[in-house]
Amino acid sequence: GHLSSAGIMTGIKDSFTFAKVIGKGAFSTVYEATCKNNKKSYAVKVIPKQKIAQDIQPLVREIKIMRKLKHPNIVKLYKVYESISNIYLVQDYVSGGDLYHRIIEKKRFSENSVKKFTQKMLHVLDYLKTNGVIHRDIKLENILLKSNDNDYDFKLIDFGLAAELADHSTTRCGSPGYIAPEMLRQEPYGIKVDIFSVGIIIYTLLAGKMPFQGLTPQRVLERNRDCHICFHDEALTQISPDGINLVQKLTCSYPGLRISPEKALMHHWFSKMPHKGERHE
Ligand code: ADP
Ligand code: MG
């Protein structure tokens, strides 16, 4: 086949029973499938070859990057299969739905939940940095929750736009509302673009609304580029000054002023973690 690199197998239907569709992306359909051997559920991302016929390089990159990442909060790629018409990526099945739908359903999360989420996410950013990987599309839809019991145990998915630090282009990418302003200023950029997107997510979870809004993607992009974030919004009045301060540091318009994951993990907000049972969520 086209993807003649090592570790790509044929005959997925011999090993997996396909059940329902659990998601759709621009180039893919994701199914829940059961492994015939161990009876466990997996999420299988099916990419029709015709959709990538012109350029398989992005998919080869996605596979290469996913294979080297091993972290409890990053979706794991177990196997890759190929048939005449499709490529199949066999991943962990993360069954609690995405953060986008969860925040709409709950309106907003408790500060304590967001704090736990943030701490885990900063560890993920630190791990990606150590591995020289930029995700470039961190957003609510690409964060899946592990269960319905809490709002902070998650796995990061969709490395379709990810790049390796060593050879990444200066291509602008991501989703309006989450894009680091240096990208929109056409400046060279690096690992810190993901930190900005995470800052936007944390603001959204605390406030119950996104900081950059507009009726069209164009308007959202303009606000995103200007990067004026309102921290005295009514929606944030219940949030501690420490929480607000960290979000400010994560969403600095200039990457040089934006806090690093290591420094953020030492922020005051985390030194005041409530003890178990001290507060209800
Ligand atoms: P694309 O690169 O085409 O955007 P994604 O990897 O984002 O594809 O997957 C599309 C959708 O499928 C996701 O938004 C999500 O709803 C669902 N999905 C993807 N991976 C998983 C997974 N590991 N577990 C559960 N659902 C998933
Ligand atoms: Mg996606």
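As the structure is a prediction and not an experimental result, all values here were calculated from the model.

1. A short note on the site of ligand 1
Here comes step 1: Among the 22 residues in the neighbourhood of ligand 1, the closest are listed as Gly23, Gly25, Val30, Ala43 and Asp158.
Here comes step 2: When contributions to the shell around ligand 1 are tallied by element, the ones reaching two or more residues are β2 (16–24), β4 (41–48) and β6 (86–92).
Here comes step 3: Residue contributions to the shell around ligand 1 peak at 3 residues, all from β2.
Here comes step 4: A breakdown of the residues in the shell around ligand 1 according to their chemical character gives 10 nonpolar, 6 polar and 6 charged.

2. Some thoughts on the UniProt feature "binding site: ATP" (unreviewed entry) in the chain
Here comes step 1: Residues annotated in UniProt with the feature "binding site: ATP" (unreviewed entry) correspond here to Lys45.
Here comes step 2: Turning to its location among the elements, Lys45 is positioned in strand β4.
Here comes step 3: Accessibility expressed as a C-beta count within 10 Å gives 26 for Lys45, which makes it buried.
Here comes step 4: Each residue touching Lys45, except ones within four places of it in the same chain, is listed here: Ser28, Val30, Leu89 and Gln91.

3. Looking at the environment of Glu32
Here comes step 1: Along the chain, the position of Glu32 falls in strand β3 (residues 29–35).
Here comes step 2: Separated by 13 residues in sequence, Glu32 and Ala19 have C-alpha atoms that sit 5.4 Å apart.
Here comes step 3: Those residues in contact with Glu32 that sit more than four places away from it in its chain are Ala19, Lys20, Ile22, Ser41, Ala43 and Tyr93.

4. Focus: the pairing of strand β5 (residues 77–82)
Moving residue by residue along a regular strand, the side chains alternate between the two faces of the sheet.
Here comes step 1: Sheet topology places strand β1 (residues 8–9) next to β5; 2 bridges connect them, and they run parallel. When the bridges of β5 are listed, Ile8 appears paired with Val80.
Here comes step 2: Bridge count for β5 against β6 is 5 bridges, and the pairing is antiparallel. Across the sheet, the residue bridging to Leu77 is Gln91, located in β6.
Here comes step 3: The antiparallel hairpin formed by β5 and β6 contains 3 residues in its connecting segment.

5. Topic: the sheet that holds β3
One key point about sheets: their strands pair by backbone hydrogen bonds, in either a parallel or an antiparallel sense.
Here comes step 1: As summarised here, the arrangement of the 6 strands in space is β1-β5-β6-β4-β3-β2, forming an open sheet in which the pairing is mixed. Only two strands of the sheet have a single neighbouring strand rather than two, namely β1 and β2.
Here comes step 2: Strand contacts of helix α3 (residues 57–68): β4, β5 and β6, with the helix running at about 150 degrees to β5, the strand carrying the most contacts.

Analysis parameters
Residues numbered from 1 in each chain as written. Chains lettered and ligands numbered in written order. Predicted model: local features only at pLDDT ≥ 70, side-chain atom pairs only at ≥ 80, totals over all residues. Near = placed C-beta within 6 Å. Helix = DSSP H or I, 4+ residues; strand = E, 2+ residues; numbered from the N terminus. Nonpolar A, V, L, I, M, F, W, Y, C, P; charged D, E, K, R; others polar. UniProt positions renumbered as here; feature names shortened; annotations may be inferred. Buried ≥ 20, exposed ≤ 12 C-beta atoms within 10 Å, placed from the backbone. Contact = placed C-beta atoms within 7 Å. Pairing = 2+ DSSP bridges. Axes fitted to C-alpha atoms, helices over the stretch in contact; angles between N-to-C directions.

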